[in-house]
Amino acid sequence: MDHRVLKTKQALRVALFQLLDTKTMTTITVTELCRAAHIDRRTFYIHYDNIIQIFEDYELELSQQVRQALTGSFHNPTILLHTFDHILMANYVGLRLLCLNATHLV
């Protein structure tokens, strides 16, 4: 994927996570999110149709990390547990927000 696309998506994700510290998913507007991410609204709509899709991208990325960890050959269960611990801790904020804002899954 193009570096600019990755940078844009990362900026939107970070801004969304910051806004979710004080707001709910349903009260965040695309305009507000774009302003926080320093991204133009048109750029947002090139990548996403709505804010929930940012979470869907994040969920997909996490599932790929877990799948990759599971496909590795671990001769020692401690190493596998360490790998999962690393994934969970590196994504703690996002996972917490996914759990708190799971209304989009219903």
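What comes next concerns the included structure. Everything numeric in this text was worked out from a predicted model, so none of it was measured.

Reading the values: rules and limits
Residues numbered from 1 in each chain as written. Predicted model: local features only at pLDDT ≥ 70, side-chain atom pairs only at ≥ 80, totals over all residues. Heavy atoms only, no water. Helix = DSSP H or I, 4+ residues; strand = E, 2+ residues; numbered from the N terminus. Contact = heavy atoms within 4.5 Å. 1 Å grid on protein atoms, 1.4 Å probe; cavity = no way out; pocket = protein on both sides within 12 Å on 5 of 7 lines; lining within 4 Å. Points joined across faces, edges and corners; volume = space filled by probe spheres on them. Nonpolar A, V, L, I, M, F, W, Y, C, P; charged D, E, K, R; others polar. Axes fitted to C-alpha atoms, helices over the stretch in contact; angles between N-to-C directions. Parallel < 35°, antiparallel > 145°, perpendicular 65-115°, else oblique. Expected span 1.5 Å × (residues − 1). Buried < 20%, exposed > 50% of the residue type's maximum accessible area, 1.4 Å probe, protein only. Polar contact = N/O pair within 3.5 Å; in protein donor to acceptor, adjacent residues only side chain to side chain. Patch = residues over 30% accessible without salt bridge, like charges linked within 9 Å, V, L, I, M, F, W, Y side chains within 5 Å. Areas by Shrake-Rupley, 256 points an atom, 1.4 Å probe, with all protein chains shown as cover. Salt bridge = Lys/Arg side-chain N within 4 Å of Asp/Glu carboxyl O. Core = buried A, V, L, I, M, F, W, Y, C linked by side-chain atoms within 4.5 Å.

1. Comments concerning the environment of glutamate 32
Okay, so step 1: Looking at where glutamate 32 falls in the secondary structure, it is placed in helix α2 (residues 30-37).
Okay, so step 2: On a C-alpha basis, the gap between glutamate 32 and leucine 19 in space is 8.9 Å, while along the polypeptide they are 13 residues apart.
Okay, so step 3: Not counting residues within four places of it along the chain, the set of residues in contact with glutamate 32 comprises Leu19, Lys23 and Thr27.

2. Structural notes on the layout of surface pockets
Okay, so step 1: Approximately 200 Å³ is the volume attributed to the largest pocket.
Okay, so step 2: If you trace the largest pocket, you find it lined by Met1, Leu6, Lys9, Gln10, Arg13, Tyr48, Asp57, Leu60, Glu61 and Gln64.
Okay, so step 3: In the lining of the largest pocket, the residues fall into four nonpolar, two polar and four charged.

3. What about the packing of helix α1 (residues 3-19) against helix α4 (residues 52-71)?
Okay, so step 1: Contact geometry for α1 and α4: axes closest at 10 Å, N-to-C directions at 110°. With respect to each other, α1 and α4 are oriented roughly perpendicular. Contact residues: Lys9, Leu12, Arg13, Leu16 and Phe17 in α1; Ile54, Phe55, Asp57, Tyr58 and Glu61 in α4.

4. With respect to α1
Okay, so step 1: Over its 17 residues, α1 extends 24 Å from the first C-alpha to the last, a length consistent with the 24 Å expected when each residue adds 1.5 Å.
Okay, so step 2: When we look at burial in α1, the residues that qualify are Thr8, Lys9, Leu12, Arg13, Ala15, Leu16, Phe17 and Leu19.
Okay, so step 3: Where the residues of α1 are buried, they touch α2, α3 (41-47), α4 and α6 (92-100).
Okay, so step 4: The N-cap residue of α1 is aspartate 2: its side-chain oxygen and the backbone nitrogen of arginine 4 are 2.6 Å apart.

5. What about unusual backbone geometry?
Okay, so step 1: The phi angle at histidine 38 is positive, at roughly 60°, despite the residue not being glycine.
Okay, so step 2: Mapped onto the fold, histidine 38 is located in the loop between α2 and α3.

6. Here we look at a nonpolar patch on the surface
Okay, so step 1: There is a patch of nonpolar side chains on the surface, built from Met89, Tyr92 and Val93 and spanning about 320 Å² of accessible area.
Okay, so step 2: Take methionine 89: it is sitting in helix α5 (residues 77-90).
Okay, so step 3: The class of methionine 89 is exposed, set by a relative accessible area of 55%.

7. Points about the nonpolar core
The nonpolar side chains of a soluble globular protein tend to be buried with one another.
Okay, so step 1: Grouped together as the largest cluster of nonpolar side chains are 22 residues, with contacts concentrated most on Leu12, Leu16, Leu33, Phe44 and Ile51.
Okay, so step 2: Where this core is concerned, the elements lending two or more residues are α1, α2, α4 and α6.
Okay, so step 3: By residue number, the principal contributor to this core is α1, which donates five residues.
Okay, so step 4: What isoleucine 51 contacts, discounting residues up to four positions off in sequence, is Leu16, Met25, Ile28, Thr29, Val30, Leu33 and Phe44.

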